[in-house]
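Fold and contact review
Next come the chains, spelled out residue by residue.
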Amino acid sequence: MEIVFGWSLDGLAYPENARRCTDSFNSQLVGPLSFLSLLETRLGLRGPSVPRAVRIADYLSMLALASKDVTQFYSASFSADAWGTADHLLSMRDELIASGWNGATIDPARSEPDGVEKLNALARVEKSGTISAGFGERIQTVNTRLAARIQSSNKLLIDSVRIIEPLRLLPQIWQETLNLLAESGSKIEQVPALPKALTIASTSTSSRSTSSDLQILQECLLQTRSSRSSGSSKTLNEVQLSNVEKRELSGDGTVSVIDADDEIQAAFFTAAWLAQRSNRADLVLLRGADCSMLAQACDHYSLPSPGSTARLQFKAILQVLPLAFKLACRPLDPNIMMEFASIQGGPLPRFVAQNLIYSISQAPGIDSAFWNEAWQKSLNSQKSFTSKDHPELTNTEVVEASAKKIEEQRNWFKERVAPSERRMKKSDAEEICSRIEKWAMSRSPDENRALYELAAGQSKMLRQLIAQLRDESICLIQLRKMIESVTSYGSSVSTADAADWSLVDKAGQIWDAAPTILWWGFAQSQWSVPRASI
């Protein structure tokens with residue numbers, strides 16, 4: 001088996017296969033997550049995946065035990081925001097594991113004093129319980145098994161691994177993995193980073209006049225990277241101003257920047273440009289920002305949709321979980337009530353939602369004359385629907401069945417937390433989760449089945465996490481962060497249509513030369529930095 005390994009190749013990639021590097025049919029493009037899963041499978045180490053929210057809950061319990069009778073450096077933060085503190089410390093812990101830490105304490109006399117106290121405090125946490133393996137533990141287990149295979153002279157695991165990024169730029173733990181593969185007989189090679197048209201000679205004064213604008217841009221970016229990697233502590237902007245030589249662009253069309261007054265103009269201009277191209281097979285669309293507006297513009301020109309890269313937790317159906325908990329707290333925000341009633345395909349039937357929306361618009365809040373009238377109208381409508389759908393029922397049975405259904409709808413607005421309180425009973429929180437799960441599962445046959453199943457899964461996971469808590473009530477801050485952690489899990493559903501162009505989400509996913517790249521959302525205020533622990 002032949003592997004092409006790139007740090008950004010988990011997910012989409014261009015080219016979509018490894019044919020540039022090998023003619024073998026048994027080849028695969030992998031990023032760190034997919035490469036780790038592949039190694040685990042081949043070594044017989046593969047296990048079920050554990051959501052991060054579950055690991056946070058486990059680590060929260062370990063932190064509570066470790067600081068029960070001793071004041072730790074995180075105690076003050078933990079008492080104010082247990083979930084947020086556990087989330088942050090778990091990230092620190094996973095980074096340490098991925099960097100080679102084995103969970104042991106360090107003798108202050110044998111090392112620098114800075115950070116030793118905190119590291120030893122985290123070591124005490126490791127002894128207070130067990131937690132599901134994170135990325136660092138998983139890759140350490142792989143390295144241990146690879147080292148054992150070298151000693152036993154087992155069959156070759158992978159024929160060759162071609163690395164896109166320079167080996168020295170990868171995290172230390174990954175360098176160890178690749179070195180162990182090399183010792184076991186795998187061929188480790190570096191994929192050439194520079195295209196054929198851009199060589200070292202192209203940086204000479206005589207050849208600069210013939211360099212394209214794209215080549216000049218690449219040379220400047222490479223010069224910037226070289227300046228930053230030489231040990232300078234300057235920021236990127238400072239390096240650009242001080243170390244990168246200014247170059248003149250000729251305007252040859254190899255680099256074009258489209259600037260519009262707003263996103264709508266940019267989207268329709270881009271879609272029109274795509275529509276007039278006779279050949280779009282050589283195009284790579286880099287979705288650097290949310291493509292919702294671009295998708296609508298493409299639909300206007302009868303083009304395939306590039307899909308929406310917006311986080312799926314902001315879909316209306318997936319907002320039921322956080323909104324339901326906000327509705328249970330007092331004072332009640334009329335905007336939250338309006339959002340909940342306006343969810344298309346949400347828990348409230350359309351006739352109930354319309355009555356409540358009118359009530360809120362006339363008198364924001366609950367228990368007003370408009371509010372009670374809205375529920376009475378809803379009850380009358382429900383009686384009419386029930387009698388039509390079930391003609392065999394008597395009038396008394398119709399009234400009872402209709403009143404029961406309307407009461408179920410009113411339960412969404414039931415008070416669980418008084419205005420003066422800052423905690424919710426665990427039983428109330430579990431009841432809200434169960435109600436959402438039941439509602440979502442009853443709607444799963446609908447056209448938005450994937451969203452309803454995802455909503456049900458998130459509610460079930462939150463209910464299970466709440467059940468693990470020792471206290472009989474939950475701080476609202478902790479509950480809110482638990483909901484955020486749960487709703488960020490399993491939230492990837494592709495909506496892109498089949499198209500003759502190629503799609504990527506990151507610049508690093510383009511690992512070979514591409515004839516034309518359309519970078520949607522090129523200008524961003526900040527860029528994410530790769531983490532060693534993923």
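First, a word on what this report is: a plain description of the structure on this page.

Looking at the pairing of strand β1 (residues 2–5)
Side-chain alternation along β1 places E2 and V4 on one buried face and I3 and F5 on a second face that is also buried. As paired elements, β1 and strand β2 (residues 27–30) share four bridges and run parallel to each other. The residue bridging F5 from the neighbouring strand is V30, located in β2. Across four bridges, β1 lies against strand β3 (residues 160–163) in parallel orientation. Along β3, the bridge assignment pairs F5 with I163.

Quick look at the packing of helix α2 (residues 52–66) against helix α19 (residues 449–468)
The geometry of α2 relative to α19 is characterised by a closest axis approach of 10 Å and an angle of 5° between their N-to-C directions. Regarding the angle of α2 to α19, the classification is roughly parallel. Where α2 abuts α19, its residues A53, V54, A57 and D58 lie against M461, L465 and Q468. Among the residues making up the contact of α2 with α19, the classes are represented as five nonpolar, one polar and one charged.

Some words on unusual backbone geometry
Put simply, Y14 and P15 share a cis peptide bond, and its omega is -10°. Of the consecutive residues R330 and P331, the connecting peptide bond is found in the cis state with omega at 5°. Examined against the element boundaries, P331 turns out to sit in the loop between α13 (320–327) and α14 (334–341). Phi at S302 is positive, roughly 60°, even though this residue is not glycine. Positionally, S302 belongs in the loop between α12 (292–300) and α13.

Section: a nonpolar patch on the surface
A cluster of nonpolar residues, L214, L217, L221, V255 and V257, forms a patch on the protein surface that exposes about 460 Å² of accessible area. Counting through the fold element by element, L214 comes out in helix α9 (residues 213–228). The class for L214 is partly exposed, based on a relative accessible area of 47%.

A word on the sheet that holds β1
Read from one edge of the open sheet, four strands run β2-β1-β3-β4, paired in parallel fashion. Of all strands in the sheet, those bounded by a partner on one side alone are β2 and β4 (187–190). In this sheet, adjacent strand axes meet at a mean angle of 20° when their direction is disregarded. Where β3 meets β4, four bridges bridge the pair, whose relative direction is parallel.

Conventions adopted
- Residues numbered from 1 in each chain as written.
- Predicted model: local features only at pLDDT ≥ 70, side-chain atom pairs only at ≥ 80, totals over all residues.
- Heavy atoms only, no water.
- Buried < 20%, exposed > 50% of the residue type's maximum accessible area, 1.4 Å probe, protein only.
- Helix = DSSP H or I, 4+ residues; strand = E, 2+ residues; numbered from the N terminus.
- Pairing = 2+ DSSP bridges.
- Axes fitted to C-alpha atoms, helices over the stretch in contact; angles between N-to-C directions.
- Parallel < 35°, antiparallel > 145°, perpendicular 65-115°, else oblique.
- Contact = heavy atoms within 4.5 Å.
- Nonpolar A, V, L, I, M, F, W, Y, C, P; charged D, E, K, R; others polar.
- Patch = residues over 30% accessible without salt bridge, like charges linked within 9 Å, V, L, I, M, F, W, Y side chains within 5 Å.
- Areas by Shrake-Rupley, 256 points an atom, 1.4 Å probe, with all protein chains shown as cover.
- Salt bridge = Lys/Arg side-chain N within 4 Å of Asp/Glu carboxyl O.

Geometric descriptors of this kind do not, in isolation, establish any biological role.
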